[in-house]
Amino acid sequence: MIWLTIALVVFLTQKTVAQTGNARGSDFLRFGCSQLVVERTDPLVTPGQIPSPHMHQIVGGNAFNASMDPADLDPAKTAKCTSCKLTEDFSNYWTASIYFQSPENGTFKRVPQMANGMLNGSLLEQDGGITIYYMRPFSGTNKKVTVMPAGFRMFTGDPNLRKKASGTMKICHRCLAASERSSGGSGAPCAASDTAEFPNKPCPGGIRATVIFPSCWDGKNLDSPDHVSHVAYQSGSALAGDKCPTTHPVRIPQVMYEIMYDTSSFADKKYYQNGKQPLVYSFGDPTGYGAHGDYLFGWVDGSLQKAMDTLGTECFSETCPPLKLQLGKLAIACTKAQQAKEDIGNSAWLPTLPGGMPVA
């Protein structure tokens, strides 16, 4: 498809130079956010419920809580620290955790996350967590985007999916060879080498999961009852171009997550026999098709807009002087205790998924 060809050329070129410190003409910000907390809390889908039905891994500002009501909480004004490298970003970003289910006895262990790579061979300064992108249109002539206002939140994906959805992939998994561990893989996201489902083979270098959010907004609603209807993708594409549907005319920065899962301990070929694979999302999905992501805006007033306006002139991927960077160790130190304390399966094997979620 046209968007894929354009995105592949742009993404490969920019990612390569941006991550080696010589970026020019970049169309995105890219930064690491370390783990804030792993817990069963979801203020978007099940606000106020402690614990929520399934396990999430959350990054960003430490104002994160079970309700996050925009009427009485602005993360940028409430949070005391952020697990992201950019100090003016107190947003929260979260996805479901992945578990390995033992083929021998059916018990579960959480698949750990790991730092994402740079093409110069080094790793981003992050402890687990998520790598965040804010992107302007990759195609077209109008690169202007309007940053979301305080209180904005959105959701993408469908946890009930158990087969491939129609249309372009917006959430995907990439199986990494051992040699790709340091780079984190390369190429356009959700391309031909990616799958909507879990990989059906061992991934000794890990799995790179990608979540691409919509890039068009109705310009009115900070949220919607389904957390989806107030935003939209450009027709026929996942990565943003410079066109938006008339129902959602405001182009916003396109948010994208990359989550690096360390599957090296679960890459034995014996786990991948007879068409089976051993991974399952924390909400009980053994296919991977139900992967999804949650987003809650929390930038300090004007900071993200300034960065997006200066992409390609002052801001280039991981280098953006208009924004303030903190030391990696400070971002890593920003954590929160679980709101409902429980074993997440990092060390001990769990008899069931947290919360007793059935695998189905």
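Residues numbered from 1 in each chain as written. Predicted model: local features only at pLDDT ≥ 70, side-chain atom pairs only at ≥ 80, totals over all residues. Heavy atoms only, no water.

Next up on the list: the state of the cysteines. All chains considered together, the criterion is met by six disulfides. Note that C81 is cross-linked by a disulfide to C334, the S-S spacing being 2.1 Å. Looking along the S-S bond of the C81-C334 disulfide, the torsion reads about 80°, which is the right-handed sense. Taken as a pair, C81 in the loop between α2 (75–78) and β4 (92–96) and C334 in the segment after α4 (328–333) lie far apart in primary sequence, 253 residues in all. The exposure class of C81 is partly exposed, given its relative accessible area of 23%. (Disulfide = S-S within 2.5 Å. Helix = DSSP H or I, 4+ residues; strand = E, 2+ residues; numbered from the N terminus. Buried < 20%, exposed > 50% of the residue type's maximum accessible area, 1.4 Å probe, protein only.)

The next point concerns the pattern of salt bridges. Here the structure, examined in full by the defined rule, presents 10 salt bridges. Between R30 and E318 there is a salt bridge; the shortest N-O distance is 2.7 Å. Of this pair, R30 sits in strand β1 (residues 28–33) while E318 sits in the loop between α3 (303–309) and α4, and the two are 288 residues apart along the sequence. Here R30 and E318 have matching classes, each one buried. Here R208 and E258 are joined by a salt bridge, their closest N and O atoms 3.8 Å apart. (Salt bridge = Lys/Arg side-chain N within 4 Å of Asp/Glu carboxyl O.)

If a strand is regular, its side chains alternate between the two faces of the sheet. The buried fraction of strand β9 (residues 171–176) is high, at six of six residues. Residues of β9 alternate between two faces, with I171, H173 and C175 on one and C172, R174 and L176 on the opposite face, all of them buried.

In this structure, the largest pocket occupies an estimated 340 Å³ of space. Along the walls of the largest pocket sit 18 residues, with L161, A165, T168, K170 and I171 positioned nearest its centre. If you list the elements that add at least two residues to the lining of the largest pocket, you get β8 (153–157) and β9. A breakdown of the residues in the lining of the largest pocket according to their chemical character gives eight nonpolar, six polar and four charged. (1 Å grid on protein atoms, 1.4 Å probe; cavity = no way out; pocket = protein on both sides within 12 Å on 5 of 7 lines; lining within 4 Å. Points joined across faces, edges and corners; volume = space filled by probe spheres on them. Nonpolar A, V, L, I, M, F, W, Y, C, P; charged D, E, K, R; others polar.)

Next up on the list: the sheet that holds strand β3 (residues 56–60). Sheet architecture is open: five strands sit in the order β2-β3-β4-β16-β8, paired in antiparallel fashion. Of all the strands in the sheet, the pair left with one neighbour each is β2 (35–39) and β8. Across the sheet, the axes of successive neighbouring strands diverge by a mean angle of 15°, strand direction being ignored. Of the pairings in the sheet, the one linking β4 to strand β16 (residues 292–296) comprises four bridges and is antiparallel in character. The partner of Y93 across the bridge, within β16, is Y295. (Pairing = 2+ DSSP bridges. Axes fitted to C-alpha atoms, helices over the stretch in contact; angles between N-to-C directions.)

What follows covers the pairing of β16. Across the five residues of β16, five count as buried, placing the element largely inside the fold. Where burial is concerned, the two faces of β16 agree: the one with H292, D294 and L296 and the one with G293 and Y295 are both buried. Of the pairings in the sheet, the one linking β8 to β16 comprises five bridges and is antiparallel in character. Residue pairing in the sheet places R153 in a bridge with L296 of β16.

Turning our eyes to something else, we now look at the sheet that holds strand β5 (residues 98–101). The strand order β6-β5-β15 describes an open sheet built from three strands, whose pairing is antiparallel. Each edge of the sheet is formed by a strand with only one pairing partner; in this case those strands are β6 (108–110) and β15 (279–281). Here the average twist between neighbouring strands, direction ignored, is 35°. Of the strand pairs in this sheet, β5 and β15 are connected by three bridges, and their pairing is antiparallel.

What follows concerns the nonpolar core. Residues L29, Y93, Y134, Y257, Y295 and W299 are the most contacted members of the largest nonpolar core, which totals 51 residues. Of all the elements, strand β14 (residues 254–261) adds the most residues to this core, at four residues. In terms of nonpolar packing, the next biggest core, distinct from the first, is built from 12 residues, F138, C172, C190 and I212 among them. (Core = buried A, V, L, I, M, F, W, Y, C linked by side-chain atoms within 4.5 Å.)

What follows is about empty space enclosed by the protein. Applying the stated criterion across every chain, the model contains two cavities of 30 Å³ or more. Space inside the largest cavity adds up to approximately 60 Å³. What lines the largest cavity is simply T95, A96, I171, A209, V211, I259, Y261, Y281, A291 and H292. Sorting the residues of the lining of the largest cavity by element identifies β4, β10 (206–212) and β14 as the ones contributing at least two each. By residue class, the composition of the lining of the largest cavity is eight nonpolar, two polar and no charged.

The values are spatial; any link to function lies outside them.
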